[in-house]
Structure formats: C-alpha cells, structure tokens
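Structural characterization, general
Below are the chains, spelled out letter by letter.
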Amino acid sequence: MSNASTRHQSPLLRNVIAYMLAAIILTLIAYWPRALADTTPSIHLPDMGDTSAGIMSPVEEQRLGEAFMRSVRRSVTIVDDPEVDEYIQSLGYRLVAGADPSTPRFHFFVVLDPNINAFAGPGGYIGVHSGLLLAAETESEVASVLAHEIAHITQRHLLRAFEKANRMNIPATAALIAAIILSGQNPQLAQAALATTLATAEQMQLNFTRAHELEADRMGLQILASAGYDPRSMPAFFEQLQLANRFYEGGVPEFLRTHPMTSSRIADTRARAEQFPITKKDNSFGFALVQAKLRVMAAEDSGQTVDYFKDKLPADTAASQDAARYGLALALLAHSEYDAARNVISALLTESPDNIPYLITQARIESAAGNAQTALRIYANALKLYPRSYPLTLLYATALVNDAQPQAARQLLQEYLRYRDPRPLLYKVLAQADNAAGFPIESQQALAEYAYLNGRTHTAIEHLNRALAMTRKDDFYRASRIEARLKDLQREAAQETKL
C-alpha cells in the first residue's frame, strides 16, 4: 500500500475505530436499539422475547468467545502472571455475582499495555489494560469499568450485533471482532479487517454507540451497588479521565476514544449514581498488591523502581505502606538484590504469615538466589494452606521441573486440570514435565493445547502430527484420541483461513 493511500485511509480508520469499541462489533451491523426510557436506578434486563436470545446456542457462543480469545492472544501480550490473573478473575466474578448474567461464564484477563482501556468480547471475555489498573486510584474505579463491560454482555449487545452480521464462520468472525477491538494496539490488523466491512461501517450511526454506552452505564451502576461498591465511582473515574486529557500525548486516554464520553453522559451517570445509598467500601489489599506487581512488571529500569517504592514507604496508612514494602521486595528481586529482598519479605511474613503473594515472593527470591529446596518447601507448605490455588500450583510445578522432579510436577498439574479450567501456562509447564519425565507423546499433546489456547492453531496441528507419528501402531486408543483432536483443529484452521 502506498504512503498516499495510507494517508487517505488512516483518518477513516481512526474515525471508525473511535466509535466502535463500546458495542464491540458495530462495524458489522446496522440495527435500531431499544429506547432507554427508565429513569430510576433499577435496571431492567432485556425482554426474554428479544430475538437475540435465539441467535446462537450457548455452545456456539462459547466457541465464538474461545476463538476470540485465541485471536487476542495472537495480537497482544496477555499478562499471564498467575497472581494478577487470579486477582482480576476474583474481582470480575465478585461483580458478576450481582449482575444476574445471561452469559453463564465470564473470563477476565489483563493486557500488558500502558494505555487506559478495557473491552468486552463475545462469550463473556473481558480484557482490561494494565495501564488502567495502574492509573486507577481505587479498586472501585477498576470495578466501575469492569461493571460497564459486564453490562455490555449481560444486555446482549454483542449477540444483537451478531444477529445482523454477515454469515461468517465462528473463527473468522472472532478474528474480525478481535481486529476491531485491538485496533489501538495493532492498526494494521484492524485496517485489513475493516477493508472487508467498510460498506457496513458506513451504515453505523453514532446514536447506536451512545445508546449502548448509556445502557451499559446504567446497568453497570446496578452491578456496582449489588457487589457492594459505591456507584459514584463510575462518574468520578470518567471525570478524572476527562480532566487528565491534556496530559495524554494522543489527546485523550484510549478508554475515552473507544468509549465516547460526553458531559451529558457523565451528568446522567452521576445523577443516577446519587440515587443509590452511599457505600464506604475500602480498597482491597489485593488491589494494592497487584498494582505494585504490575508497576514492577512494566518498569524498564528496576533500579528506578526500587527508588520509587522506597519513596512510597512513608505512606499514610499501614496498608499502603505494606503494599509499598511488597513492591520494594519485588523490585529488589528484579534488580537481583536477593538479600535485601529477603529481608523485606521476611518482615512482611512476620506480620502476615499466610499471605499468598508474600509466600510466593519469598519462594521466588530463594529460587533466584539458588536455594531450590527452600523454595520448594515454601510452595509445598503454602499449598497445604491453599489447595488448588492456581498461582501456587503453577509456580510449584515449575519449581519441581527446574529441580529435576518432573514426575511430581506432572501429578500436580494433572490433578489440578481435572477440576479447574485450563490455562495456557499450565500446559506449557506440563509439556516440560512430560518431556523431562520421558513422556514425549504427552509432551507434544500438551504443547498442542498450549499453542491452541494462544491462537496458534497451525502450530498445534504440527505438535499433534508429531505425537501421532510417535504413537505405536498397536496403541489404537491413544492414536484415536490424537486423531480426533487433530481433526477438530484441522477444521478450526480451515475456518480461520476463510476470513
């Protein structure tokens, strides 16, 4: 594409993107939304007779969501840190519990991106940028954004949009949705996708976006209140972002570009929020710890991060000071100052001996310092206190593999996967354990699942082909299972190429 062509198309792309994220796939559809006539804080769910209820089966919706998530993983960096993952899932489900969701399952994840943004995808997949978590002053502000995105899903905005979409296969549609949503991180990806849908995009009207954003705001307020958060945190956070516009190089925070904000909309949200009782919900300590961890993960200079947390130590409250001490321990670990990091985390554990993030940090310090057996004892003892904890299970299994105990790691991971949802890193470590324990076929199968969950379907097929080639001809049961999975992925790959 020529530079001249790029200059002509880029403004169109930017204008389309600016108004599409709120309803997620509005570029695919043109339909009239229901009027929003209620003026009380009580939010009514869509009529069960709404045609969106019959668009696709729950299984099809789940498949669309899983395909969407694989496309997301192909395009951006997901924060796979188990503690961050566990926190965002916990916060998300605390809100979902008060949402009376039509979608039975939700999945929350963090994208490593400094921009302030969040988005909802099909199948209950909701992503939030690390930049938003770091910019928020309270957990209620993060909760308000998640509640807004949850409302997009429970109000079936996505399925109503899908109802009028072209008859595309699920992987192709999921890839297109992901391209639109992630256009801020990968404009080339979005431009290629939009080239096939510009005719439909021209039918998009601004009032569609405004209607859905208002509906999500109003339902989000109810979700916040039901979860015990103060609904006033939503308009307050929106106002903070608007006031901070002048500090952003791109003009406005990405959240405001993708979720168009007006003074009247904020005023409407504030007026509705004021009708709820005032709730005094303090920040969870987990939020402060996750903020500290993300700050260390996002830092380019660990030495500067050490100084940052040292400056934060004279905090106003004990909780803020403990979060700063935790961040300091992580920063010292990242800066390879193991003795200093050990001293900080040991003092914290003296005060809170059962705190999982502290125990994990202690074990990580010992592993980095070459004290593998000490780290293993910490993980083993912690798992007795918190059985089936995802962070502890993953990190303990990793430590076992690194200590040449792959069989123990295999047993731990296989037991966990029987009862909990699979996550990519579990399969990655399982593949390492299988290979080290002398199970190369199982290792290839685990690598296939790891690749598939990360959106690399063709790579997954290659691993399964290797596993099949290694299988003895008389091992009919194993060969049949591999072949069945291989056929599933081959069909998936064929559909993905039809975008």
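Each value, and the rule that gives it
- Residues numbered from 1 in each chain as written.
- Predicted model: local features only at pLDDT ≥ 70, side-chain atom pairs only at ≥ 80, totals over all residues.
- Heavy atoms only, no water.
- Helix = DSSP H or I, 4+ residues; strand = E, 2+ residues; numbered from the N terminus.
- Buried < 20%, exposed > 50% of the residue type's maximum accessible area, 1.4 Å probe, protein only.
- Contact = heavy atoms within 4.5 Å.
- Areas by Shrake-Rupley, 256 points an atom, 1.4 Å probe, with all protein chains shown as cover.
- Axes fitted to C-alpha atoms, helices over the stretch in contact; angles between N-to-C directions.
- Parallel < 35°, antiparallel > 145°, perpendicular 65-115°, else oblique.
- Left-handed = near helix turned anticlockwise from the far one by under 90°.
- pLDDT = per-residue confidence, 0-100.
- Pairing = 2+ DSSP bridges.
- Core = buried A, V, L, I, M, F, W, Y, C linked by side-chain atoms within 4.5 Å.
- Phe/Tyr/Trp six-rings, centres within 6.5 Å; stacked < 30°, edge-to-face > 60°.
- Lys NZ or Arg CZ within 6 Å of the ring centre and 35° of its normal.
- Salt bridge = Lys/Arg side-chain N within 4 Å of Asp/Glu carboxyl O.
- Expected span 1.5 Å × (residues − 1).
- Arc of directions from axis to C-beta.

Things to note about the overall build of the protein chain
Tallying secondary structure elements over the protein chain gives 25 helices and 3 strands in all. Taken across its 499 residues, the protein chain has 52% of its residues classed as buried. Contacts in the protein chain between residues at least 24 apart in sequence constitute 69% of all its contacts with a sequence separation of at least 6. Of the roughly 22200 Å² of accessible surface on the protein chain, 51% is carried by carbon and sulfur atoms.

Re the packing of helix α17 (residues 338-351) against helix α18 (residues 356-368)
The N-to-C vectors of α17 and α18 enclose an angle of 155 degrees; their axes lie 10 Å apart at closest approach. Considering their axes alone, α17 and α18 lie roughly antiparallel with respect to each other. Seen along the crossing, α17 lies across α18 with a hand that is left-handed. Here Tyr338, Ala341, Arg342, Ile345, Leu348 and Leu349 of α17 come into contact with α18, specifically with Tyr358, Leu359, Thr361, Gln362, Ile365, Glu366 and Ala368.

Here's the deal with the confidence of the model for the protein chain
Averaged over all residues, the pLDDT of the protein chain equals 80, while 72% of them reach at least 70. Considering only residues more than four positions removed or in separate chains, one finds that residues 186-208, a stretch of pLDDT under 50, has 40 contacts.

Quick look at the pairing of strand β1 (residues 107-111)
Among the 5 residues in β1, 5 count as buried, and that is most of the element. Burial along β1 is two-sided: the face carrying His107, Phe109 and Val111 and the face carrying Phe108 and Val110 are both buried. Note: β1 against strand β3 (residues 125-129), 5 bridges, orientation parallel. Paired with Phe108 across the strands is Ile126, a residue of β3.

Details of the nonpolar core
Grouped together as the largest cluster of nonpolar side chains are 51 residues, with contacts concentrated most on Phe309, Tyr326, Ile345, Tyr358 and Tyr379. Once residues within four sequence positions are removed from consideration, Tyr358 is found in contact with Phe285, Leu289, Asp322, Tyr326, Ile345, Leu348, Leu349 and Ser352.

Regarding the packing of aromatic side chains
Aromatic ring pairs: the centre-centre distance and the angle between the two ring planes describe each pair. All chains considered together, the criterion is met by 8 aromatic pairs. Following the ring pairs from residue to residue traces out a cluster consisting of Tyr93, Phe106 and Phe108. Seen from the ring of Tyr419, Arg388 lies directly overhead, with NZ or CZ sitting 3.9 Å from the centre. The residue whose ring lies beneath Arg410 is Phe439, and the NZ or CZ to ring-centre distance is 3.8 Å.

Some words on the pattern of salt bridges
Under the definition given, this model contains 28 salt bridges. A salt bridge links Asp474 to Arg472; the shortest N-O distance between them is 3.0 Å. Two residues, Asp475 and Arg478, come together in a salt bridge whose shortest N-O distance is 2.9 Å. The class for Asp475 is buried, based on a relative accessible area of 18%. Residues joined by salt bridges that share partners form a network here, namely Asp230, Arg232, Glu239, Arg270 and Glu274.

Points about helix α21 (residues 406-419)
Because an α-helix packs 3.6 residues into every turn, residues spaced three or four apart end up facing the same way. For α21, with 14 residues, the first-to-last C-alpha span of 21 Å sits near the 20 Å given by 1.5 Å per residue. Buried residues of α21: Pro406, Ala409, Arg410, Leu413 and Tyr416, and no others. On an axial view of α21, the arc spanned by its buried residues comes to 140 degrees, and they lie on one face.

Re unusual backbone geometry
Within the chain, Ser336 stands out as a residue other than glycine whose phi angle is a positive 65 degrees. With respect to the secondary-structure elements, Ser336 resides in the loop between α16 (318-334) and α17. Not every positive phi belongs to a glycine, and Arg388 is a case in point at roughly 60 degrees. With respect to the secondary-structure elements, Arg388 resides in the loop between α19 (372-385) and α20 (390-402). Overall, Arg388 belongs to the partly exposed group, its relative accessible area being 40%.

Remarks on the side chain of Glu83
Take Glu83: it is sitting in helix α3 (residues 82-96). Those residues in contact with Glu83 that lie beyond four places of it in its chain are Val290, Lys293, Tyr326, Pro357, Ile360, Arg364 and Pro391.

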